[in-house]
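The chain contents come next:
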Amino acid sequence: MLQNYFKIAFRNLWKHKLFSLINIVGLGLAMAFCFLQLIQVQSSFEKDSFHPFPDRTYRIVTDAEGNNGERYALASTPIPLAEKLLNEHSVIEKSTRIVRNFGGNLNNGIKTLRVTGMFVDPAFFEIFGFKLEKGKACMEPREVVLSKETAERYFGTADPVGKTLRDPELGDFTVSGVFGSIKPFTTHLQSDIFVSMSGFNNLNKHIKTDNWLDYNAYTFVLLSKGSSRALLDRAILQVAQDNQKNVAFKDIKGHRFRSQLLGEISPDTESLLNNPHVEPLWKIGAGLLIPLVVILLAGFNYVNLTLTRSLSRGREVGVRKVAGAKRWQLVTQFLTETIVIAFFALGIGYMGLLFIQSYVHVRWLHFEVSQTHVLWISFIVFTLLTGILAGILPARILSSYEPARIIKGEIGPAGLGKISFRKSLVVIQFVVALVFMTFVGISNSQFEYMATDNENFTRRDILNIPLSSGNFKLLANAIGKQADVERIGLASATLNEGAGKAKISRIGTKSAIASQETYIYAADANFIANMELKFVAGENLPEPSTDTSVHFAVINEHAAGMLGFKNPKDIVGHTIRLNESNVQVSGVVRNFCFMRYELPVAPLVLAYDPGEIKVLSLKIAAGAPKERVEAALSKVWKQFHPHESFVFAWYEQQLYDNYADGGDQQITGIIVLIVFVIAAMGLLGMVTYTTEKRTKEVGVRKVMGASVAQIMALLSGGFVRLILIASIIALPLGYLLGGLFLQIFTYHVSLGPAVFFQCVATLLLIGLGTIGVQAYRTANTNPADTLRSE
């Protein structure tokens, strides 16, 4: 019997090729995105599954209790915990501390790259599965182990062991080894570089390694063979009890520790604090919502088209029921058809997944898993469930038809009040598509604004050169002689990153304002001019010289208000305290975004300090060929630094890449495309079927003198109304979601009507194009052929 079900299913699919194609392609496109999300989910559960002792490796987490009685669960622990457990409890065979505070720009003498890393004990490479391909573990102070990818970025195919990397502030580090790639596995211990913990104290003098109240370390232990988790829990309980007696708790009442098996770390079921690179379970669930909505829309197509053809399928049901078929047999037949469609769509979905993998490059997306058989099982189960869920409603409706009513012509499509159920599904599809498109349009406008913004500070025709150690003045003078260089500014860092912290206070008044924390950049007048900052009071810094260093400062409006000056003009000429120096305020600039756009308005001080200058900001003549500028500056650089490569960045391109080149817009664009294609294909199927059924009517109307335009208006009018209803519902929802998204950002694009007009115009273009083609073909049929066939 099952074989007959499949035969009938294939015959029906082949007989109605267009509708089958619409259903298969629509479901396939939706499945591609769902399969991608299933990979993300599986990778979260497989994280850190490649380590050699998964049943004996534990992470220790902290439960801290605040003075208000509130409990805080942290993935991190105090630094002394690992050594205390190892030294005092035999249940522990090995332990390692991990501190994730290493990172910055490291230079190998040729190139400078930004890396992130962590301090680790030597036992780290014995507990975890980061296998060394070259060299040895980092054991001595200032020794580091690089990832294979980082080593290739720095040294290419050359052996990096024994080579030196320099940090401009921390000094030199020696490469002791390289660990191999862990693909296809993933880990929450993501790092470009591992640094020996033996040099931690000298490199982090402000951190005390015996402080039991500093929760910035991660403690991992390897149990002795034969030891149980209960013994480990008893050991960490004893440590917490000792702390309660010997540690002077101030901001909290106390803390306790508990164990977490390596396989329990990801996904995070507790939403632990200080838990980087581990996805919370709620976030994984939230990430499934969009794929489920997309697959639901594709399922709507099948429901819609099946119910649209319900009258023709009704005759089939009537004949089979008269022949003795039971209702469960009819339900099984219809579900078999849907499942066959779903498995055809599986092939389309897999090809779509391969396309996304080759086209979309997003750092947070994973395209590989270690247990591929589990992934394919999940794909097949998902496909089977999709077929059943998409087909269950049409199957129940069609199988309920009574033969007598079918013969009398009393059966009509399912209804929902005055608006048919089928039309409701069309409206829902286009509402979801338009809401999502509107939201994506608004968010993309914000990302484009951040990537190309020249209102807060200019980034046009600015070339930044990071400085190596040594005197920069001779280099700056030589560069200034180049024809295309209009002005050279000096700064401690570019405005989008690297702001320092300082203390400022108001002096010279009885009601002195207490010392306040502010951000600060070391900068000269040319740098401020290059950035085209807008002065609301006063003037720029004086030209730098020996007697003006750190004697003058430019502040922003927020800093002036924080010091008690409501009118920025009142603070110009006043002396304020900047750290340990007195400086005179020469001018006040308008508040602007000098870091991230989502951060609140913050106080800022710009003051010249030659000892902090690390960047040359070059204003290049407008229209100057970039290749000519780069070649000329490279020659000058080589004169002063013959053994170092010329590192530079065009500011406009640098910031554009930071905001717009992460791949997020690519993936959201694909989602919008999929949603609209699914909606358009569903509409195409309905229009095609409806126009086919009205071919005789069209022939009669043409004989009676109706024009092509009138017939097209007649056939398309109902569908156009559905699109307009969807627009009326979707625009307020899209506006609301987009407005909520923009509230995340302190500095954001204005929410104008342009994005809404673009979205509606796109929707109408797709809808009218889909409707118009079929309506035009039907309106141009020859009435003689149509009526003769009747």
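Now for a quick tour of the structure. This structure is a prediction, so every number in the text was calculated from the model and none was measured.

1. Things to note about the overall build of the protein chain
For the protein chain, the helix and strand inventory stands at 24 helices and 24 strands. The 790 residues of the protein chain split such that 49% are buried. Sequence-distant contacts, at least 24 apart, represent 80% of the contacts inside the protein chain between residues at least 6 apart. A total of about 37500 Å² of accessible surface is found on the protein chain, and carbon and sulfur atoms cover 57% of it. Each charge sign in the protein chain was given a centre, from 77 positive and 65 negative side chains, and these centres are 11 Å apart.

2. Notes on the packing of helix α3 (residues 81-88) against helix α7 (residues 229-246)
Close contact between α3 and α7 brings their axes to 11 Å; oriented N to C, the two are set at 120°. On the basis of the axis angle, α3 is oblique to α7. You can see that α3 and α7 cross each other, and the crossing is right-handed. Along its contact with α3, which presents L81, K84 and L85, the element α7 presents A235, I236, V239 and D242.

3. Quick look at a nonpolar patch on the surface
Residues F343, Y350, L354, W376, I380, L384 and I388 make up a contiguous nonpolar surface patch of about 550 Å² in total accessible area. Within the residue set of the nonpolar patch, elements represented by two or more residues are α11 (327-359) and α12 (372-399). Sort the elements by how many residues they give to the nonpolar patch and α12 lands first, with 4 residues. Within the element layout of this structure, F343 appears in helix α11.

4. Things to note about the nonpolar core
Counting residues in hydrophobic clusters, the biggest one holds 81 residues, and the most contacted among them are F35, F379, Y597 and L683. In terms of residue count, helix α14 (residues 421-452) provides more of this core than any other element does, 15 residues in total. With residues near it in sequence (within four places) discarded, F35 still touches L346, G349, Y350, L353, F379, F382 and T383. Among the nonpolar cores identified, the runner-up in size contains 27 residues, and I98, A137, V145 and F194 belong to it.

5. Some points on the pattern of salt bridges
According to the stated counting rule, one finds 17 salt bridges in the structure shown. As a salt-bridge pair, R97 and E83 come within 3.7 Å of each other at their nearest N and O atoms. Here E83 lies in helix α3 and R97 lies in strand β3 (residues 92-107), a separation of 14 residues in the sequence. The closest approach of N and O atoms between K94 and E126, which form a salt bridge, is 2.8 Å. Here K94 is found in strand β3, whereas its partner E126 is found in helix α4 (residues 124-127), with 32 residues between them in sequence. Looking at E126, the relative accessible area reads 39%, which means it is partly exposed. The network of salt bridges with common partners includes D63, R71, R258 and E270.

6. Considering the pairing of strand β2 (residues 71-74)
Relative to β2, strand β1 (residues 57-66) runs antiparallel, the two being bridged by 4 bridges. By the bridge assignment for β2, A64 is matched with Y72.

7. Comments concerning the sheet that holds strand β23 (residues 615-620)
The strand order β15-β23-β14-β24 describes an open sheet built from 4 strands, whose pairing is antiparallel. A strand with exactly one partner marks an edge of an open sheet, and here the two such strands are β15 (485-491) and β24 (649-650). As defined by bridge partners, strand β14 (residues 462-466) adjoins β24 across 2 bridges and the pair is classed as antiparallel. Bridge pairing links N464 to A649 in β24. Strand contacts of helix α15 (residues 473-480): β14, β15 and β23, with the helix running at about 160° to β15, the strand carrying the most contacts. On top of the sheet, helix α18 (residues 626-640) reaches β14, β15, β23 and β24; it is set at about 25° to β14, its chief contact.

8. Regarding the environment of G685
Tracing the chain through its elements places G685 in helix α20 (residues 664-693). By relative accessible area, G685 is classed as buried at 0%. Linking G685 and L273, residues 412 residues apart in sequence, is a C-alpha distance of 51 Å.

9. Some thoughts on the packing of aromatic side chains
Two aromatic rings are characterised by how far apart their centres lie and by the angle between their planes. For the structure shown, the criterion picks out 30 aromatic pairs. Summarising the aromatic geometry, the rings of F35 and F379 are spaced 4.1 Å apart at their centres and angled 25° between planes, so their arrangement reads as stacked. With a gap of 344 residues between them, F35 in helix α2 (residues 17-46) and F379 in helix α12 connect regions that are remote in the sequence. Given the relative accessible area of 0%, F35 is considered buried. It is R506 that lies over the ring of F565; its NZ or CZ is 4.1 Å from the centre. K626 extends its terminal NZ or CZ atom over the ring of W650, reaching a point 5.0 Å from the ring centre.

10. Structural notes on the side chain of T438
Relative to the helices and strands, T438 resides in helix α14. Apart from the residues lying within four places of it in its own chain, the contact partners of T438 are L731, G734, Y735, V755, F756 and C759.

11. Some remarks on unusual backbone geometry
Cis geometry marks the peptide bond from K183 to P184, where omega comes out at 10°. With respect to the secondary-structure elements, P184 resides in the loop between β8 (171-179) and β9 (193-196). Cis rather than trans, the peptide bond between S266 and P267 has omega equal to -5°. Of note in this structure, R142 is not a glycine but carries a positive phi near 70°. Assignment of secondary structure puts R142 in the loop between β5 (132-135) and β6 (143-147). The class for R142 is partly exposed, based on a relative accessible area of 31%. Its identity as a non-glycine residue notwithstanding, N579 has a phi of 55°, on the positive side.

12. Topic: the packing of helix α21 (residues 695-703) against helix α22 (residues 708-742)
At a closest axis distance of 10 Å, the pairing of α21 and α22 adopts a crossing angle of 150°. Overall, the two elements α21 and α22 adopt an arrangement that is roughly antiparallel. Where α21 crosses over α22, the handedness of that crossing is right-handed. Counted together, E697, V698, R701 and K702 of α21 and I711, L714 and L715 of α22 form the full contact between these two elements. Residues belonging to the contact of α21 with α22 are distributed by class as follows: 4 nonpolar, no polar and 3 charged.

13. Quick look at α15
Every buried residue of α15 is listed here: L475, A476, A478 and I479. Seen from one end, α15 has its buried residues packed into an arc of 165°, which puts them on one side. On its buried side, α15 packs onto β14, β15, β23 and α18.

Conventions and cut-offs
- Residues numbered from 1 in each chain as written.
- Predicted model: local features only at pLDDT ≥ 70, side-chain atom pairs only at ≥ 80, totals over all residues.
- Heavy atoms only, no water.
- Helix = DSSP H or I, 4+ residues; strand = E, 2+ residues; numbered from the N terminus.
- Buried < 20%, exposed > 50% of the residue type's maximum accessible area, 1.4 Å probe, protein only.
- Contact = heavy atoms within 4.5 Å.
- Areas by Shrake-Rupley, 256 points an atom, 1.4 Å probe, with all protein chains shown as cover.
- Lys, Arg positive; Asp, Glu negative; His and termini not counted.
- Charge placed at Lys NZ, Arg CZ, Asp CG, Glu CD.
- Axes fitted to C-alpha atoms, helices over the stretch in contact; angles between N-to-C directions.
- Parallel < 35°, antiparallel > 145°, perpendicular 65-115°, else oblique.
- Left-handed = near helix turned anticlockwise from the far one by under 90°.
- Patch = residues over 30% accessible without salt bridge, like charges linked within 9 Å, V, L, I, M, F, W, Y side chains within 5 Å.
- Salt bridge = Lys/Arg side-chain N within 4 Å of Asp/Glu carboxyl O.
- Core = buried A, V, L, I, M, F, W, Y, C linked by side-chain atoms within 4.5 Å.
- Pairing = 2+ DSSP bridges.
- Phe/Tyr/Trp six-rings, centres within 6.5 Å; stacked < 30°, edge-to-face > 60°.
- Lys NZ or Arg CZ within 6 Å of the ring centre and 35° of its normal.
- Nonpolar A, V, L, I, M, F, W, Y, C, P; charged D, E, K, R; others polar.
- Arc of directions from axis to C-beta.

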